[in-house]
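# Secondary and tertiary structure notes
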Amino acid sequence: MMWKILIIDDDFQVLEGMKKAIPWASIDAELVGEASDGAEGLEMVQQTEPDIIITDIYMPVMNGLEMIEKLREANFPGELIILSGYTDFQYARQALRLQVSDYLSKPVTIQELETVLTKVIKELEAKEIKKIEQEEIKRRLLLYEPFGQQEWLKSVMTGTFHKSAVAASIPPSEQAYWLHRSHLVMGIELMSTVRTANLSLIDWNLFRFALANIIREVLAEDWPESDFIELHSHHAAIMFHIDDTIPMETALDRIRSIGNRIADCVLTYLKLTIRLGLGQMKASWLEISDSTEEAFLDLLQQTVTTPQGKLASVSSELAIRPIKFYQELAEAIVYSKEETAAQIVEAYIRQIQSMSTITPAYLQYLCTELWTIFAYSLYSVSIVLDELFPDMNLSAEIVQIQTPEQLQQWLQHKIHVIATSRHWNENSKHKDVVEFMIQYAHDHYAEEIGLEDMSKQLYLSRNYLNQIFKKATGETFTNYLIQVRMKKAQTLLAEGNYLIYEISEKVGYKNVPYFSSIFKKYTGVSPSEVGKSGL
């Protein structure tokens, strides 16, 4: 980078002498202009945008100090050096007030000039580095803003947000949206079937992505004022934000209808079954997590029953808040916080111990749920849970759990094994990178993307990114992207609303024959065969 210098002096000999005296090459600088008074100098500043201005004080039309004042008013970002025959203290004091970089008295030696310019250029370099860092921080904040928003929504839905930050949680621009509506949560459970029983986690992840796409498309059409949040492995939820002018029964009827439409679409396009649970409507956004717990208790009562045919009452079960417990424990596991995880488990077990209606069936259901959550959470940081427990018989262990104390011992042992895994520290630091790459593939599959794009976004080499992505997912990024595109293509073909060449473009392929060959290689049938069969 060449630093641009502008010289302003009404003495022609001084101008020529400065041009010869400044060691342009050694300080990486160039002369971009010269002027003979302050007014002309202001014009040259606009034309040349210099980094450094060297100016005399006493000049016709407009003196140097008047010019500097105007530059400061205009927020001139460069550095200013005064070179003047006046040594009067009044001038020097005014120059200090205007925050000039240096005040040199004529005549000046070549060495003095080089020293001052070198110092000023170092200051400019420091400013430039700070500016680049600030721009990078801003870029990264914008880049990760969607992730931050999703985490905030998840914390509101699960009740894990910090109470001390509640007042500042909602941006002013969104306060009307959140504060003047009622809210209701629908819990979603993706049911395990023969088709999903032996899926790898990467395939399970693709199913979740397809499910999320369907739900978001239905919500965009039927209830745009809503938020879809993925939770733990086979669980997700929808926050419905309800205008207070809509009667409650009308809103509930519409929401149930939307739930039925989502379930039908998932069954039609993915051949998967989901189960839905509804929470109660809440007047305040601070109570959304209560609606979440009610929704998942509704799901739980559809799943686990006691010998008498029912679980404990809604009010009792709600007190132990399993969704909040799941979320907090999953986060502690992901970040290898063994002590925190133990405290979360202990607090939850104490709540369970105080309840006379908790049954072994419910405790065993908790074990199954938590094991699934552990597996999915660890997968996101490149840990395969089954590899940490190669000889474990999960079903046999779960059957043995009859009391809350046994559940606590079981959980603490598993958490200790996970947290002390020698591979943990190395793998957990890759979590954010892999998550970003996965999300990027899902968000930009219709574009021409590859590891080169990831490398520029994350400032890591292509080879390194490929290694950690493959270690985390078992696939190269390229293969993963193809899988995402093919899943989306299958969904679009099943909808029957597009021609094959349109679908090819929508999933990132301009060459239709190439798309068809990739599709057949991936699915075993050609796109036209899928269209004819309606699969």
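Residues numbered from 1 in each chain as written. Predicted model: local features only at pLDDT ≥ 70, side-chain atom pairs only at ≥ 80, totals over all residues. Heavy atoms only, no water.

## Considering the packing of helix α12 (residues 322–334) against helix α13 (residues 338–353)
Following both chains from N to C, one finds α12 and α13 inclined at 165°, their axes separated by 9 Å at the closest point. Classified by the angle between their axes, α12 and α13 sit roughly antiparallel to one another. Both α12 and α13 take part in a crossing whose hand is left-handed. Taken together, the residues of α13 that come into contact with α12 (itself represented by Pro 322, Phe 325, Glu 328, Leu 329 and Ala 332) are Thr 340, Ala 341, Ile 344, Val 345 and Tyr 348. When grouped by side-chain class, the residues that make up the contact of α12 with α13 number eight nonpolar, one polar and one charged. (Axes fitted to C-alpha atoms, helices over the stretch in contact; angles between N-to-C directions. Helix = DSSP H or I, 4+ residues; strand = E, 2+ residues; numbered from the N terminus. Parallel < 35°, antiparallel > 145°, perpendicular 65-115°, else oblique. Left-handed = near helix turned anticlockwise from the far one by under 90°. Contact = heavy atoms within 4.5 Å. Nonpolar A, V, L, I, M, F, W, Y, C, P; charged D, E, K, R; others polar.)

## Focus: the sheet that holds strand β4 (residues 79–84)
Spatially, the five strands line up as an open sheet ordered β2-β1-β3-β4-β5, and their pairing is parallel. The two strands at the open ends of the sheet, each matched to only one other strand, are β2 (29–35) and β5 (102–105). On average, adjacent strands in this sheet sit at an angle of 20° to one another, irrespective of strand direction. With respect to the sheet, helix α1 (residues 12–21) is in contact with β1 (3–8), β2, β3 (52–55) and β4, its orientation differing from that of β2 by roughly 175°. Of the strands in this sheet, β1, β2 and β3 are in contact with helix α2 (residues 38–48), which crosses β2 at around 140°. (Pairing = 2+ DSSP bridges.)

## Thoughts on empty space enclosed by the protein
Under the defined criterion, the tally for this structure stands at four cavities of 30 Å³ or more. As a volume, the largest cavity reaches approximately 100 Å³. As for the largest cavity, its lining consists of 13 residues, of which Phe 296, Leu 300, Ile 323, Tyr 326 and Tyr 365 are closest to the centre. Taken together, the elements giving at least two residues each to the lining of the largest cavity come down to α10 (288–303), α12 and α14 (360–379). (1 Å grid on protein atoms, 1.4 Å probe; cavity = no way out; pocket = protein on both sides within 12 Å on 5 of 7 lines; lining within 4 Å. Points joined across faces, edges and corners; volume = space filled by probe spheres on them.)

## Digging into the pattern of salt bridges
Following the criterion strictly, the structure yields 16 salt bridges and no others. What you see here is one network of salt bridges that share partners, running through Glu 16, Lys 19 and Glu 34. (Salt bridge = Lys/Arg side-chain N within 4 Å of Asp/Glu carboxyl O.)

## Some words on the confidence of the model for the protein
Per-residue confidence for the protein gives a mean pLDDT of 80, with 80% of residues at or over 70. Across the protein, element-level confidence peaks in helix α9 (residues 248–270) with a mean pLDDT of 94 and bottoms out in helix α11 (residues 314–319) with 43. This model gives residues 140–147 a pLDDT under 50, and the stretch forms nine contacts once residues within four places in sequence are excluded. Per-residue pLDDT stays below 50 along residues 305–319; that stretch engages in 23 contacts with residues further than four places along the chain or on separate chains. (pLDDT = per-residue confidence, 0-100.)

## A closer look at the packing of aromatic side chains
Here the distance between the centres and the angle between the planes together describe a pair of aromatic rings. Overall, the coordinates contain 13 aromatic pairs when judged by the stated rule. Stacked on the ring of Tyr 509, the Lys or Arg Arg 485 has its end atom at 5.0 Å from the ring centre. (Phe/Tyr/Trp six-rings, centres within 6.5 Å; stacked < 30°, edge-to-face > 60°. Lys NZ or Arg CZ within 6 Å of the ring centre and 35° of its normal.)

## Some points on α9
Helix length check: α9, at 23 residues, gives a terminal C-alpha distance of 32 Å against a target of 33 Å (1.5 Å per residue), a fit within 8%. Where α9 terminates, the next one or two residues include Lys 271, which has phi positive at roughly 60°. (Expected span 1.5 Å × (residues − 1).)

## Here we look at the sheet that holds strand β9 (residues 274–278)
Paired through backbone hydrogen bonds, the strands of a sheet run either parallel or antiparallel to each other. Spatial ordering of the open sheet is given by β7-β8-β6-β9, a layout of four strands whose pairing is antiparallel. The sheet terminates laterally at β7 (226–230) and β9, the two strands that pair on one side only. This sheet shows a mean twist of 20° between the axes of neighbouring strands, independent of strand direction. Across nine bridges, strand β6 (residues 181–190) lies against strand β8 (residues 235–243) in antiparallel orientation. Bridge assignment links Met 186 to a residue of β8, and that residue is Ile 238.

## Focus on the nonpolar core
One finds Met 239, Leu 329, Phe 374 and Leu 407 to be the most contacted residues of the largest nonpolar core, which totals 53 residues. Taken together, the elements giving at least two residues each to this core come down to α5 (110–158), β8, α10, α12, α13, α14 and α17 (404–419). Considering every element that reaches this core, the biggest residue donor is α14, with 11 residues. For Met 239, the residues in contact, after removing those within four places along its chain, are Leu 153, Val 156, Met 157, Trp 178, Leu 184, Val 185, Glu 225, Ser 226, Asp 227, Ile 229 and Ile 288. Counting residues in hydrophobic clusters, the runner-up holds 32 residues, among them Val 434, Ala 489, Ile 518 and Val 530. (Core = buried A, V, L, I, M, F, W, Y, C linked by side-chain atoms within 4.5 Å. Buried < 20%, exposed > 50% of the residue type's maximum accessible area, 1.4 Å probe, protein only.)

## Concerning the side chain of Ser 182
In this structure, Ser 182 sits in strand β6. There is a polar contact of 3.1 Å between the side chain of Ser 182 and the side chain of Asp 244. Ignoring sequence-local partners within four residues, the contact set of Ser 182 consists of Phe 240, His 241, Ile 242, Asp 244, Met 281, Lys 282 and Ala 283. (Polar contact = N/O pair within 3.5 Å; in protein donor to acceptor, adjacent residues only side chain to side chain.)

## Notes on the pairing of β8
Counting buried residues in β8 gives eight out of nine residues, a clear majority hidden from the surface. Examined bridge by bridge, β7 and β8 share five bridges and lie antiparallel to one another. When the sheet's bridge partners are listed, Asp 227 is paired in β8 with Met 239.

## Quick notes on helix α22 (residues 477–495)
The end-to-end C-alpha separation of α22 is 27 Å, in line with the 27 Å expected for 19 residues at 1.5 Å each. In terms of burial, α22 is a largely internal element, 14 of the 19 residues being buried.

## A look at the packing of α2 against helix α3 (residues 64–73)
At a minimum axis separation of 9 Å, α2 and α3 run at an interaxial angle of 30°. Taken as axis vectors, α2 and α3 run roughly parallel relative to one another. The hand of the α2/α3 crossing is right-handed. Here Gly 38, Gly 41, Leu 42 and Val 45 of α2 come into contact with α3, specifically with Met 67, Lys 70 and Leu 71.

## Describing unusual backbone geometry
The phi angle at Asp 28 is positive, at roughly 55°, despite the residue not being glycine. Looking at Asp 28, the relative accessible area reads 40%, which means it is partly exposed. Residue Val 61 is not a glycine yet carries a positive backbone phi of 65°. Here Val 61 is to be found in the loop between β3 and α3.

## Description of the environment of Asp 102
Among the secondary structure elements, Asp 102 is positioned in strand β5. A C-alpha to C-alpha distance of 7.3 Å links Asp 102 and Val 116, two positions 14 residues apart in sequence.

## Focus on the environment of Lys 487
If you trace the backbone, Lys 487 turns up in helix α22. As a C-alpha pair, Lys 487 and Ala 210 span 277 residues in sequence and 7.2 Å in three-dimensional space. Setting aside chain neighbours within four positions, we find Lys 487 in contact with Leu 206, Phe 207 and Tyr 522.

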